[in-house]
Amino acid sequence: KTGFTSKAMYCLSGTAEREGVEYIAVVLHGESIDSRNRDAMTLLNYAFANFTLCPLYTDAELPSVPVELGKAESVPVTVGGEPYALVPKSSAQPEYGVTLPKSLTAPVQEGERLGTLHVRLGGETVAELPILAAAIMSAAFSPGIPREPR
């Protein structure tokens, strides 16, 4: 989108996409159409040259969490939050760490936060994402009703 007003001068907002990554450039108060276009191109080229998307989680399966007094032995988990973060380009590979409890006591609600996925890149924390229960885990018995012996 381009425009001109006497106060804002020559303006442009535009996007560019390469290899699945899209950036937005906004230029205000350009001296001319040509300088406005050059400035937008410079901004977009800078973004493509210096930044990349870092995957915040992989397709690797997360461990389920054991559940005491539940209808099943464990509850599956999933990661919440955005799948990518915009980071400066580097040769470092992301490192992933998981903090989860050793076990839970039923009931567990779907979407309940159980832990954290830590993502580091080049020694710096890029993101901390919630690890959530992917299913409801009901108690194997109701309080006040005796359980059958196993």
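Participant: I would appreciate a short explanation of the overall build of the protein in the present structure.
Facilitator: The secondary structure content of the protein amounts to one helix and twelve strands. For the protein, the sequential pattern of α-helices and β-strands runs β-β-β-α-β-β-β-β-β-β-β-β-β. The C-alpha atoms of the protein give a radius of gyration of 25 Å, which is well past the 15 Å a tight globule of 150 residues would have. With the principal axes as the frame, the protein shows a C-alpha extent of 85 × 35 × 20 Å. A fraction of 58% describes how many contacts in the protein between residues 6 or more apart in sequence connect residues 24 or more apart. Looking at the protein as shown, the accessible area adds up to about 10200 Å², and 53% of this sits on carbon and sulfur atoms.

Participant: How do you make sense of helix H1 (residues 33–50) when you look at a structure like this?
Facilitator: Since the α-helix turns once every 3.6 residues, residues separated by three or four places project in the same direction. Along its 18 residues, H1 runs 26 Å from first to last C-alpha, staying within 8% of the 26 Å computed at 1.5 Å per residue. Within the span of H1, buried status applies to Ser-35, Arg-36, Ala-40, Leu-44, Ala-47 and Phe-48. Elements in contact with the buried residues of H1: strand S1 (2–5), strand S2 (9–18), strand S3 (21–30) and strand S4 (51–55).

Participant: How should the sheet that holds strand S10 (residues 104–105) be read in this particular structure?
Facilitator: Sheet strands associate in pairs through backbone hydrogen bonding, adopting either a parallel or an antiparallel arrangement. One open sheet holds the three strands; their spatial order is S6-S5-S10, and the pairing between them is mixed. Edge strands, defined here as strands with exactly one partner in the open sheet, are strand S6 (74–75) and S10.

Cut-off values and rules
Residues numbered from 1 in each chain as written. Predicted model: local features only at pLDDT ≥ 70, side-chain atom pairs only at ≥ 80, totals over all residues. Heavy atoms only, no water. Helix = DSSP H or I, 4+ residues; strand = E, 2+ residues; numbered from the N terminus. Rg over C-alpha atoms; globule rule 2.2 N^0.38 Å. Contact = heavy atoms within 4.5 Å. Areas by Shrake-Rupley, 256 points an atom, 1.4 Å probe, with all protein chains shown as cover. Expected span 1.5 Å × (residues − 1). Buried < 20%, exposed > 50% of the residue type's maximum accessible area, 1.4 Å probe, protein only. Pairing = 2+ DSSP bridges.

Purely geometric stuff here, so don't read any function into it on its own.
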